[in-house]
Amino acid sequence: MRKITGIFNHSILIIMVIVCIFPMVWVVSSSLKSQQTVFTDMSLIPSEMQFENYTRTWQQGNFGDYFFNSVYYTVIVVFGVLFISSLAGFGLTRLKIPGKNIIFIILISTMMIPIPGAFIALYVLLANLGLINTRTGYILCMINGGLPFAIFLFKSFFEGISKDLEDAAKIDGCNKFQLYMKIAMPLSKPIIAIVVIHNALMVWNEYILAMLVLTDRKLMPLQRGLMVFQGTHIADYHLLMAGIAITTIPIIIIYFLMQKHIISGVMAGALK
Amino acid sequence: MKNLVIAIILAILVSGCAREEVDYVSVWHWMTDRADAFDELAIQYRDKTGVEVRFELYAPSPSYSERIRAAAQTDNLPDIFGVLGEKRDLASFINAGHVANLSGYMEKPDSTGLSWRDTLFPAALEINKFREVNVYEVKEGIYGAPIDIMNIPMLYNKRLFERAGLDPERPPLTWDEFIEYGQKLKQAGINVFSSGFGETWLIESLAYNYAFNIMGEEKVLDTFRGDVPYSDIGWVHTFTIFEDMKKHNLITEDSVTMINRLAEQQFATERVAFSFNGSWCVNVYRGMNPDLEYSTMLPPKYSDEHNMVIWGGAGSSFLVNARAARKDEAVEFLRWLTADEQQAFLSEETRNLPSNKDSLDLIEEEILIDFSQRMQHITHPNVWPVTEEHDIREAMNRGIQQILIGERTPEELANRLERLKN
Amino acid sequence: MNRTTKDYVKNYLFVVPAVLMFIVFSAYPFYKIIELSLVRWDGISPVMQFIGLDNFTHIFTSNPTWWLSVRNALYVTALALVFQNGLALFLAYIVDKDIKGKNFYRTIFFLPPILSGIAVGIIWNWILQGDYGLLNQLLIRLNLSGLARSWMSNPRTALTSIAVIHMWQGLGWGFLILLAGLQSIPRDIYEAARIDGACEFKVFTKITAPLMIPTFFIVSILTILGTMRIYDIIVATTGGGPGYHTEVPISRIIATMLGSSRFGYASAMGVVFGLMLLVISIIQIKMSKKMERT
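Residues numbered from 1 in each chain as written. Chains lettered and ligands numbered in written order. Predicted model: local features only at pLDDT ≥ 70, side-chain atom pairs only at ≥ 80, totals over all residues. Heavy atoms only, no water.

(A) Highlighting the overall build of chain C. Of regular secondary structure, chain C possesses 13 helices and two strands. Its C-alpha atoms give chain C principal-axis dimensions of about 80 × 75 × 30 Å. Expressed as a percentage of the 294 residues in chain C, the buried residues total 57%. Taking the contacts inside chain C whose residues are at least 6 apart along the sequence as the reference set, 68% of them involve residues at least 24 apart. Surface summary for chain C: the accessible area is close to 12,800 Å², and the carbon and sulfur share equals 67%. (Helix = DSSP H or I, 4+ residues; strand = E, 2+ residues; numbered from the N terminus. Buried < 20%, exposed > 50% of the residue type's maximum accessible area, 1.4 Å probe, protein only. Contact = heavy atoms within 4.5 Å. Areas by Shrake-Rupley, 256 points an atom, 1.4 Å probe, with all protein chains shown as cover.)

(B) Region of interest: the sheet that holds strand 15 (residues 378-379) of chain B. Residue and element names in this part refer to chain B. If you walk across this open sheet you meet the four strands as 14-7-12-15, and the pairing is mixed. Bordering the open sheet on either side are strand 14 (353-354) and strand 15, each of which pairs with just one other strand. Pairing of strand 12 (residues 310-314) with strand 15, which is carried by two bridges, proceeds in the parallel orientation. Considered in strand 15, the bridge of isoleucine 310 is made with isoleucine 378. (Pairing = 2+ DSSP bridges.)

(C) Inspection of the domain arrangement of chain B at higher detail. Residues and elements named next belong to chain B. Split into domains, chain B comes out as domain 1 (24-147 + 315-338) and domain 2 (154-312 + 385-421). Facing five residues of domain 1, the contacting portion of domain 2 comprises six residues. For the pair domain 1 and domain 2, the summed buried surface comes to about 350 Å²; carbon and sulfur atoms form 38% of the total. Among the residues domain 1 hides against domain 2, the three largest losses belong to Glu86, Val135 and Tyr136. Together they make up 68% of the total. Between glutamate 86 and arginine 393 there is a salt bridge, and its shortest N-O distance comes to 2.4 Å. The tally of links between domain 1 and domain 2 comes to one residue pair in polar contact (both at pLDDT 80 or more). (Domains from an automatic or database assignment. Buried area = accessible area lost by both parts, 1.4 Å probe. Salt bridge = Lys/Arg side-chain N within 4 Å of Asp/Glu carboxyl O. Polar contact = N/O pair within 3.5 Å; in protein donor to acceptor, adjacent residues only side chain to side chain.)

(D) Molecular detail of helix 15 (residues 340-350) of chain B. Residue and element names in this part refer to chain B. Those residues of helix 15 that fall on the buried side of the exposure criterion are Gln342, Gln343, Phe345, Leu346, Ser347 and Thr350. Elements in contact with the buried residues of helix 15: helix 2 (35-49), helix 13 (281-288), helix 14 (327-337), strand 14, helix 16 (357-362) and helix 17 (366-373). Arginine 351 occupies a position one or two residues after helix 15 and carries a positive phi of about 55°.

(E) Region of interest: the interface of chain A and chain B. On the side of chain B, 43 residues touch chain A, which itself brings 42 residues to the contact. Each partner contributes to the roughly 3,900 Å² buried at the junction of chain A and chain B, and carbon and sulfur atoms together form 61% of this total. For the pair chain A and chain B, the number of links is two salt bridges. Measuring nitrogen to oxygen at the nearest pair gives 3.5 Å for the salt bridge that ties arginine 217 of chain A to glutamate 56 of chain B. The interface formed by chain A and chain B contains nine residue pairs in polar contact (both at pLDDT 80 or more).

(F) Here's a closer look at the interface of chain C and chain A. If you look at the interface, chain C gives 75 residues, while chain A gives 83 residues. Of the roughly 7,600 Å² buried at the junction of chain C and chain A (both faces included), carbon and sulfur atoms supply 82%. In terms of surface lost to chain A, no three residues of chain C exceed Phe14, Phe25 and Trp126 of chain C, which account for 11% of the buried area on that side. Our enumeration of links across chain C and chain A arrives at zero salt bridges. When residues in the side of chain C that touches chain A are grouped by element, the largest group, 19 residues, is from helix 1 (residues 3-36) of chain C. Here the side of chain C that touches chain A is built from residues that sort into 59 nonpolar, 11 polar and five charged. (Nonpolar A, V, L, I, M, F, W, Y, C, P; charged D, E, K, R; others polar.)

(G) Local environment of the side chain of aspartate 89 of chain B. Along the chain, aspartate 89 of chain B turns up in helix 4 (residues 87-95). Here aspartate 89 of chain B falls in the buried class, since its relative accessible area comes to 2%.

(H) A look at the sheet that holds strand 11 (residues 294-297) of chain B. Residues and elements named next belong to chain B. Strands sit in the order 9-10-8-11 across an open sheet of four strands; the sheet is mixed. The sheet terminates laterally at strand 9 (191-194) and strand 11, the two strands that pair on one side only. Each strand axis lies, on average, 20° off the axis of its neighbour in the sheet, ignoring direction. In the sheet, strand 9 pairs with strand 10 (residues 272-276) via three bridges, with the strands oriented parallel. Residue pairing in the sheet places asparagine 191 in a bridge with valine 272 of strand 10. (Axes fitted to C-alpha atoms, helices over the stretch in contact; angles between N-to-C directions.)

(I) Geometry of the pairing of strand 11 of chain B. All names here are of chain B. Burial of the side chains of strand 11 extends over both faces: Tyr294 and Thr296 are buried on one face and Ser295 and Met297 on the other. Looking at chain direction, strand 8 (residues 154-157) and strand 11 are connected through four bridges and run antiparallel. Bridging from a neighbouring strand, methionine 154 pairs with methionine 297 of strand 11.

(J) Examining a nonpolar patch on the surface more closely. Taken together, Val25, Leu44, Ile45, Met49 and Phe51 of chain A make up a surface patch of nonpolar side chains, about 490 Å² in accessible area. Residue position: phenylalanine 51 of chain A is located in the loop between helix 2 (37-40) and helix 3 (52-60). (Patch = residues over 30% accessible without salt bridge, like charges linked within 9 Å, V, L, I, M, F, W, Y side chains within 5 Å.)

(K) Inspection of the environment of leucine 201 of chain A at higher detail. Take leucine 201 of chain A: it is sitting in helix 10 (residues 189-204). Along the primary structure leucine 201 of chain A and glutamine 178 of chain A are separated by 23 residues, whereas in three dimensions their C-alpha atoms are 30 Å apart. Once residues within four sequence positions are removed from consideration, leucine 201 of chain A is found in contact with Ile251 of chain A together with Phe110, Pro113, Ile114 and Trp173 of chain C.

(L) Focus on the pairing of strand 12 of chain B. Residues and elements named next belong to chain B. Counting buried positions along strand 12 gives five out of five residues, so the element sits mostly inside the fold. Direction of pairing for strand 7 (residues 148-151) relative to strand 12: antiparallel, over a ladder of three bridges. Of the residues in strand 12, the one forming a bridge with isoleucine 149 is alanine 314.

(M) Geometry of a positive patch on the surface. Residues and elements named next belong to chain C. On the surface, Lys286, Lys289, Lys290 and Arg293 cluster together into a patch of positive charge. Note that lysine 289 resides in helix 13 (residues 263-293). Exposure remark for lysine 289: the relative accessible area of 33% places this residue in the partly exposed category. (Lys, Arg positive; Asp, Glu negative; His and termini not counted. Charge placed at Lys NZ, Arg CZ, Asp CG, Glu CD.)

Okay, structure coming up:
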């Protein structure tokens, strides 16, 4: 019986792996085909690998210029979201704050209201603050966009932490900030991991806000490079696929490397 | 840790405060396919005149539309920009004082005695023109410079015609003939027609072509005015075209929801004999399949009462910001951009039809000549004195999709539109 | 200032950055949308015409397409809640139980969420096309050609196809969060249960599930908020068709705004939609609180 469920479980896992991995393999495979074979040659391993597609795409899309911007935006936004949301999440659960439920609902309400209608208001606001076409304007908007979900996660998590640890720390003479820094944050590694991944992905794949807030191309993020290949009258699918691979692979690598920390983080969480 | 955070926050706040002075002509556009060509022209222009022009691309089109609307609210529009959408949207931008009237510049003759207007394809100018009396209450004038022209005819694959035993030089002229050709193609195992009907403007364009063919321009416009009901037999016939397509299996099932890019891919890879697409497709098809042998045709006539027309006119246009500090420089640049040499360059690079008459005469590529000859059959909603409301057009387009999947009959759609109109 | 007020002030410092961000970057857009929902405006003109609640009345009385789009989104959401999260839980559960290669699975299941909307659209168009689609070719090879169809143009399968694409993309998130939840359950609880001779199913329903309620709650609220706002996939595949079969609220709002240039009306749609999501979320929060207590 055990064996049968084992086989069953493993076959489901394998099917899911194929379903999830296939599109990515396809992107990479298409990115190595030529403009003509990308539609006709449906094999996964192209007969002729055109690795020069990648250099062409890199140059044509000016990815070099945008790469740095995206890394910069991603690091700062992730850091900002993490800091502000964990503080708020901690405050809203572990500290006495009159009206904290209302504050919480208001803070996460941003998550509910769809943004499509808000772009004019946002632009006018940034223009008045002198933040149009600045890195700061873009970063602050992105941080604001990532906050509600992260606050929500941290709050749910901190609610589950047992009070004993906190009391022990208080006896040791920790003040509130130290309590947050030394006890709460190390415990919440699994949540930190999710918040980091979520926000990193969000910033990395973002272009709508960038197109609204930024004017100069020298400030634009990576997705602007991809834009060149995906307009309405564009035929270079192989280059588009190479572009998608170029923008996606770094994040896969980072994600894979982060695994270790997620695991150890999760384990640390399990010790509570 | 804490200090690091504060330092980073301070750093980003400070980095936002430096603002540079602008000393160039700024252009915003959405044309991904032309971005490189524009950049190159900007360099040429700087070398020639010393004036710096900077093109900035914002895509996809909804993002571009949002951007110019938002910028309009704070008077942050660049010196040169374009408006995507309908004439109504252009009119709103003009009425809000964002668009310069170019009539004066257009008519002033230069040293050779020719005016700017004389050099441009007349039908392209019409798209951005407002007559003395117009429903949009815009002051008479020409408000934009067309940088290319286009039309949306039907296309057919010559090689697939041959394979089905059809004459590749003689596309079907009437609807009955189209059905007959379709049967032959099907017998040869070839898909007949596909188009990007998931993007409803292609449906709308084809439907209005047939409405003009069946009822004539005046009656169609009278429907918009509310003087002719949609339940009129002419509209029912118009919608019957699509029912016929479904009934005779002439349209691929995918077409109903297909985005145009995918439809272009199907036609380019010779998986379908007919398509309905605009002249911008030349570059796309060439990229996907340089060996594709195809030609343009008018949609086969359903009725002999009136001529068949297709949509066409200016492809993309640039407008000058009425409040721009460098208004004259901007106009000067647009004039240069639409001059024969630059138009020839753009046409060469992106295979769009040039808006400059002289460059149009100089095109050599056979298929582009073919397209340019279709310009004599064009019409466009932007030149009609009235247009239909957006909601009713949307209901028509969606309704036609419903006809194509067998959820509605032409009569039902006609009646529904009539109800909506009231 | 006495000690407790001073304490409170210190406590408030923790939420000040978040509240500040909200006030500067969210409050004004919120206010603006509500203001716009009460006017008639084309998004460009300097003049707005105040029309009170007319936009709302129209939405509630004579906009069947809007409500159809809400229904479509609810359908996809229901599918995602049941199937996407069910499958994610199942996968997380078997991976949690000492299966080798956790890292591997975690990376692989996370590939779909990493892909951008444009890539997802292109790939799935190629898979689900009627004539040359991969799925149909597979079905034909399996001698199931009777099932082959144009998946996204067929009114019966269009919306479900969209749901499948969406769930495929969302699965990785559910898996990641659920696995994190499962792994934070101390192993010795399982040991104890096993010694007591409880079968696996019983262990899951009696021990795992109750401990996982907060995680289920997070995942389901994320699924609801994410799925109700589905849009990217639709633009890249069906464009809302055939007919109105795959229209969703966000596509309606954007069509109203940029298509027919009715910003006031679109803002009203946004307000109605936002309130709907808010109500759903509050009900959920209440429900989960209740469940945790019992």
